[in-house]
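# Architecture and fold: a report
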Amino acid sequence: MSGIFITFEGIEGVGKSTLQKGLAEALEAQGYSVLLTREPGGTKLGEKLRAAILSKEQGAVAPVAELLIMFAARAQHVEECIKPALAAGKVVLCDRFTDTTRAYQCGGRGLPDAWLEQLIEMTHCGLTPDISFWLDLPVDEALGRAKNRSEADRIEQETKDFFERAREVYRNLASAEPQRVIRLDAASLPQALIQQALEVFRQRV
Ligand code: Z5A
């Protein structure tokens, strides 16, 4: 595939969407063709699954059901959107991907990593992001930002410990895969984060 696959990761409210949009504008201004997308979502089916799984009215969801819904949305997203965009040479900027499942469903909910590996094989075997920007911020600060911004959805209502476990998974991923998972200090100004992400992009392309 000739395109570039970039994902934005981190706990709630750290600034993923802000960086995704800022980087898209900067890359488009340089002549790149960019696809902005998100998970869960990005397709008609994925957006319906997103609405269902994040709805507060839904109430409790079995962790395994949550895991499978994330991967059902992902399977559709990869086939319908991500692979064709990469084949067309686009830069795909995706707000969250499988690292979130590692952090939330395995780290947060405690589901076994081995289940996730099987689902990866089924849904996006051989497709790994070229760069994953991990926006890192202490949990209290991140949740504070998310709270100021909008009403909490079902998963945002989780405990502080849940997000501490998720953050720990991101920390481990960044140390295990330093070439792919790039930690950015989310306390930096939005413009500084865009410049740092652009620099990483330039080094890789
Ligand atoms: N989920 C899952 O469990 N498993 C999976 O496999 C997948 C997802 C794929 C998706 O929601 C939910 O699905 C998510 C995980 C779960 N959990 N929940 N809920 P989402 O990704 O749409 O929601 P989110 O993580 O909560 O994103 P967010 O709230 O949109 O946050 P964000 O994108 O990281 O931040 P933002 O919207 O860019 O910024 C938040 C606020 O901070 C806003 O007021 C900004 O103006 C401000 N901001 C942004 N950048 C800065 C900087 N640099 N400094 C200061 N202030 C800033």
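Here the structure is a predicted model, which is why all the values come from computation and not from measurement.

## Quick word on the packing of helix α3 (residues 63-87) against helix α4 (residues 98-108)
At a minimum axis distance of 11 Å, the contact between α3 and α4 shows a crossing angle of 175°. By the angle between their directions, the pair α3 and α4 is classed as roughly antiparallel. Contact residues: α3 offers Glu66, Leu67, Met70, Phe71 and Arg74, while α4 offers Thr98, Thr101 and Gln105. For the contact of α3 with α4, the per-class residue count stands at three nonpolar, three polar and two charged.

## Focus on the packing of aromatic side chains
What the rule picks out here adds up to seven aromatic pairs. Relative to Phe97, the ring of Phe5 has its centre 5.0 Å away and its plane inclined at 80°; by these criteria the two rings are edge-to-face. In this pair, Phe5 sits in strand β1 (residues 4-9) while Phe97 sits in the loop between β3 (91-95) and α4, placing the two residues 92 residues apart along the sequence. Taken as a pair, Phe5 and Phe97 share a single burial class, namely buried. Between the aromatic rings of Phe8 and Phe133, the centroid separation amounts to 5.9 Å while the plane-to-plane angle is 35°, which identifies the pairing as tilted. A residue pair is termed long-range when its members are at least 10 positions apart, and Phe8 in strand β1 and Phe133 in strand β4 (residues 131-136) qualify at 125 residues. Within the aromatic cluster, the residues linked to one another by ring pairs are Tyr104, Phe162 and Phe163.

## Some details on the sheet that holds β4
If you walk across this open sheet you meet the five strands as β2-β3-β1-β4-β5, and the pairing is parallel. Two strands bound the open sheet, and with one partner strand each, they are β2 (34-38) and β5 (181-185). The mean angle between the axes of side-by-side strands here comes to 20°, regardless of whether they run parallel or antiparallel. Strands β1, β4 and β5 of the sheet are contacted by helix α7 (residues 160-176), whose axis makes an angle of about 135° with β4.

## Points about a nonpolar patch on the surface
A surface patch of nonpolar side chains, amounting to about 270 Å² of accessible area, comprises Val64, Leu68 and Trp115. Mapped onto the elements, Val64 comes out in helix α3.

## Section: the packing of helix α1 (residues 16-29) against helix α8 (residues 190-204)
Relative orientation of the contacting elements α1 and α8 amounts to 60°, with a least axis distance of 9 Å. Judged by the inter-axis angle, α1 sits oblique to α8. At the point where α1 passes α8, the crossing takes the right-handed sense. Every residue of α8 that contacts α1 at Thr18, Leu19, Gly22, Leu23, Ala26 and Leu27 is listed here: Pro190, Leu193, Ile194, Ala197, Leu198 and Phe201.

## Quick word on the pattern of salt bridges
Oppositely charged side chains can pair when the atoms bearing their charge come close. Under the criterion given, the structure shown has 16 salt bridges. Among the salt bridges present, the one from Glu12 reaches Arg96, with a minimum N-O distance of 3.4 Å. Taken as a pair, Glu12 in the loop between β1 and α1 and Arg96 in the loop between β3 and α4 lie far apart in primary sequence, 84 residues in all. Here Glu12 falls in the buried class, since its relative accessible area comes to 8%. The exposure class assigned to Arg96 is buried, which follows from its relative accessible area of 12%. Salt-bridge contacts for Arg102 lead to Asp99; the nearest nitrogen and oxygen are separated by 3.8 Å. Here Arg102 pairs with Asp99, and both are found in helix α4, just three residues apart, close to one helical turn. Of the two residues examined, Arg102 and Asp99, each falls in the buried class. Among the charged side chains, a salt-bridge network with shared partners connects Asp99, Arg102, Glu117, Glu177 and Arg180.

Calculation notes
Residues numbered from 1 in each chain as written. Predicted model: local features only at pLDDT ≥ 70, side-chain atom pairs only at ≥ 80, totals over all residues. Heavy atoms only, no water. Axes fitted to C-alpha atoms, helices over the stretch in contact; angles between N-to-C directions. Helix = DSSP H or I, 4+ residues; strand = E, 2+ residues; numbered from the N terminus. Parallel < 35°, antiparallel > 145°, perpendicular 65-115°, else oblique. Contact = heavy atoms within 4.5 Å. Nonpolar A, V, L, I, M, F, W, Y, C, P; charged D, E, K, R; others polar. Phe/Tyr/Trp six-rings, centres within 6.5 Å; stacked < 30°, edge-to-face > 60°. Buried < 20%, exposed > 50% of the residue type's maximum accessible area, 1.4 Å probe, protein only. Pairing = 2+ DSSP bridges. Patch = residues over 30% accessible without salt bridge, like charges linked within 9 Å, V, L, I, M, F, W, Y side chains within 5 Å. Areas by Shrake-Rupley, 256 points an atom, 1.4 Å probe, with all protein chains shown as cover. Salt bridge = Lys/Arg side-chain N within 4 Å of Asp/Glu carboxyl O. Left-handed = near helix turned anticlockwise from the far one by under 90°.

Honestly, that's just the spatial picture; any functional story needs more than this.
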